[in-house]
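Given next are the chains, with one letter for each unit.
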Amino acid sequence: MSVKMKKSGIVRKSDELCRIVIPKEIRDKLEIKDKGYVIMFQQGKEIIVKKYDETCAFCGKKTGLIEFKDRFVCKKCVKELKEKFKN
Ligand SMILES: [Zn+2]
């Protein structure tokens, strides 16, 4: 995280389940959709929240995706997997 970002940090109070809202200006800038995915990492005493790109877990394709167990798989890869486990 840059020094500039730390200085302009946005203070938010979490709710009873420790949920916070990502400020609209950040969501808009990063094109995070409503009910879209983000990915979080703990780094020492910091929490890094990144936009989670919805891409096929196998080939990286961004269209024709099916959501499965919080991951995305494209229809082509699903078809290939079905073929592989046919027997
Ligand atoms: Zn794929």
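Located above this text is the structure these notes cover.
Criteria and cut-off values
Residues numbered from 1 in each chain as written. Predicted model: local features only at pLDDT ≥ 70, side-chain atom pairs only at ≥ 80, totals over all residues. Helix = DSSP H or I, 4+ residues; strand = E, 2+ residues; numbered from the N terminus. Rg over C-alpha atoms; globule rule 2.2 N^0.38 Å. Buried ≥ 20, exposed ≤ 12 C-beta atoms within 10 Å, placed from the backbone. Contact = placed C-beta atoms within 7 Å. Pairing = 2+ DSSP bridges.

1. Some details on the overall build of the chain
Turning to step 1, where the next piece is worked out: Within the chain one finds three helices and four strands.
Turning to step 2, where the next piece is worked out: Put simply, the chain runs from its N terminus to its C terminus through helices and strands in the order α-α-β-β-β-β-α.
Turning to step 3, where the next piece is worked out: Its C-alpha radius of gyration of 18 Å places the chain more than 25% over the 12 Å reference for a compact globule of 87 residues.
Turning to step 4, where the next piece is worked out: Expressed as a percentage of the 87 residues in the chain, the buried residues total 5%.
Turning to step 5, where the next piece is worked out: Of the contacts made within the chain by residues no fewer than 6 positions apart, 2% connect residues no fewer than 24 positions apart.

2. A closer look at the pairing of strand E4 (residues 71-74)
Turning to step 1, where the next piece is worked out: As defined by bridge partners, strand E3 (residues 65-68) adjoins E4 across four bridges and the pair is classed as antiparallel. What sits directly across from Ile66, in E4, is Val73.
Turning to step 2, where the next piece is worked out: What sits between the antiparallel neighbours E3 and E4 is a turn of two residues, in which Lys69 has the positive phi angle 50°.

3. Description of the pairing of strand E2 (residues 46-51)
Turning to step 1, where the next piece is worked out: Where burial is concerned, little of E2 is hidden: zero out of the six residues are buried.
Turning to step 2, where the next piece is worked out: Taking the residues between adjacent antiparallel strands as the criterion, strand E1 (residues 38-43) and E2 are bridged by two residues, where Gly44 takes a positive phi near 60°.

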